[in-house]
Amino acid sequence: MPDAQEVAGARDEVDRIVGAWRRERPDLDFSPLQVLSRVDRLSRHLDRARRGAFERSDLDSWEFDVLSALRRAGTPYQLSPKALLQQTLVSSGTMTNRIDRLVARGLVERRTDPNDGRGILVQMTAQGLSRVDAAITRLVDAEADLLEALSGAEQERIAALLRKLSLGFDVEH
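Residues numbered from 1 in each chain as written. Predicted model: local features only at pLDDT ≥ 70, side-chain atom pairs only at ≥ 80, totals over all residues. Heavy atoms only, no water.

1. Side note on the packing of helix H4 (residues 61-72) against helix H5 (residues 81-88)
A pair of packed helices is characterised by two quantities: the angle between their axes and the separation of those axes.
Item 1. Contact geometry for H4 and H5: axes closest at 10 Å, N-to-C directions at 115°. In terms of orientation, H4 and H5 fall into the roughly perpendicular class. Crossing geometry of H4 relative to H5 is assigned as right-handed. Between H4 and H5, the contacting residues are Asp 65, Val 66, Ala 69, Leu 70 and Arg 72 on the first element and Leu 84, Gln 87 and Thr 88 on the second.
Item 2. Here the residues of the contact of H4 with H5 are counted per class, giving four nonpolar, two polar and two charged. (Axes fitted to C-alpha atoms, helices over the stretch in contact; angles between N-to-C directions. Helix = DSSP H or I, 4+ residues; strand = E, 2+ residues; numbered from the N terminus. Parallel < 35°, antiparallel > 145°, perpendicular 65-115°, else oblique. Left-handed = near helix turned anticlockwise from the far one by under 90°. Contact = heavy atoms within 4.5 Å. Nonpolar A, V, L, I, M, F, W, Y, C, P; charged D, E, K, R; others polar.)

Pasting the structure below:
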């Protein structure tokens, strides 16, 4: 892992891009690009790591989203379609289609809600549980690899700053 002095003198692609823009447009403040261009580049690495973790568990990212919502609900790993909608932020029609596809793959089952005979619950099967547990283990390992250049304290500081930034975007409408 490089030490602080090595990092301080190092330049990445964003430094080169921002330097060129500053030369060409000295009238603009390129501070936002210093942060958000790096976030964008890191996001691409994260997307690749996540896709790989899900593929090794034979899941698409949307399947992981639904199964992980059920897994986080705790035993018996079931939620109403409405609760799944709220957690995955997709439309009702999209969720119905996703549930149908997960049922066809044997990863979830529809059950009658015992508290409301007209309602249904979506319950994860043992196969779904096995897949989502494997995927989250692979995902955590892959994401830890992406952050290995940072100490635990540095990761906590970045997480706190990103949380502060994202709170303004996470307000429900």
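2. Topic: the pattern of salt bridges
Item 1. Applying the stated rule across the entire model yields 14 salt bridges.
Item 2. Residue Arg 105 pairs with Glu 63 through a salt bridge whose shortest N-O separation is 2.7 Å. With a gap of 42 residues between them, Arg 105 in the loop between helix H6 (92-104) and strand S2 (108-113) and Glu 63 in helix H4 connect regions that are remote in the sequence.
Item 3. Overall, the relative accessible area of 2% leaves Glu 63 in the buried class.
Item 4. Of the charged contacts, one joins Arg 110 and Asp 100 as a salt bridge, the two residues approaching to 2.5 Å between their closest N and O atoms. With Arg 110 in strand S2 and Asp 100 in helix H6, this residue pair connects regions lying 10 residues apart in the sequence.
Item 5. Residue Arg 110 is classed as partly exposed on the basis of its relative accessible area, which comes to 37%. (Salt bridge = Lys/Arg side-chain N within 4 Å of Asp/Glu carboxyl O. Buried < 20%, exposed > 50% of the residue type's maximum accessible area, 1.4 Å probe, protein only.)

3. Thoughts on the nonpolar core
Item 1. Core analysis: the biggest nonpolar cluster contains 23 residues, and Leu 67, Leu 70 and Leu 84 have the highest contact counts within it.
Item 2. Every element with two or more residues in this core is listed here: helix H3 (31-56), H4, H5, H6, strand S3 (116-124) and helix H7 (126-146).
Item 3. Of the residues forming this core, the biggest block, six residues, is contributed by H4.
Item 4. With near-sequence residues (within four places) excluded, Leu 67 lies in contact with Leu 59, Leu 107, Val 108, Met 124, Gly 128 and Val 132. (Core = buried A, V, L, I, M, F, W, Y, C linked by side-chain atoms within 4.5 Å.)

In short, geometric facts, not functional conclusions.
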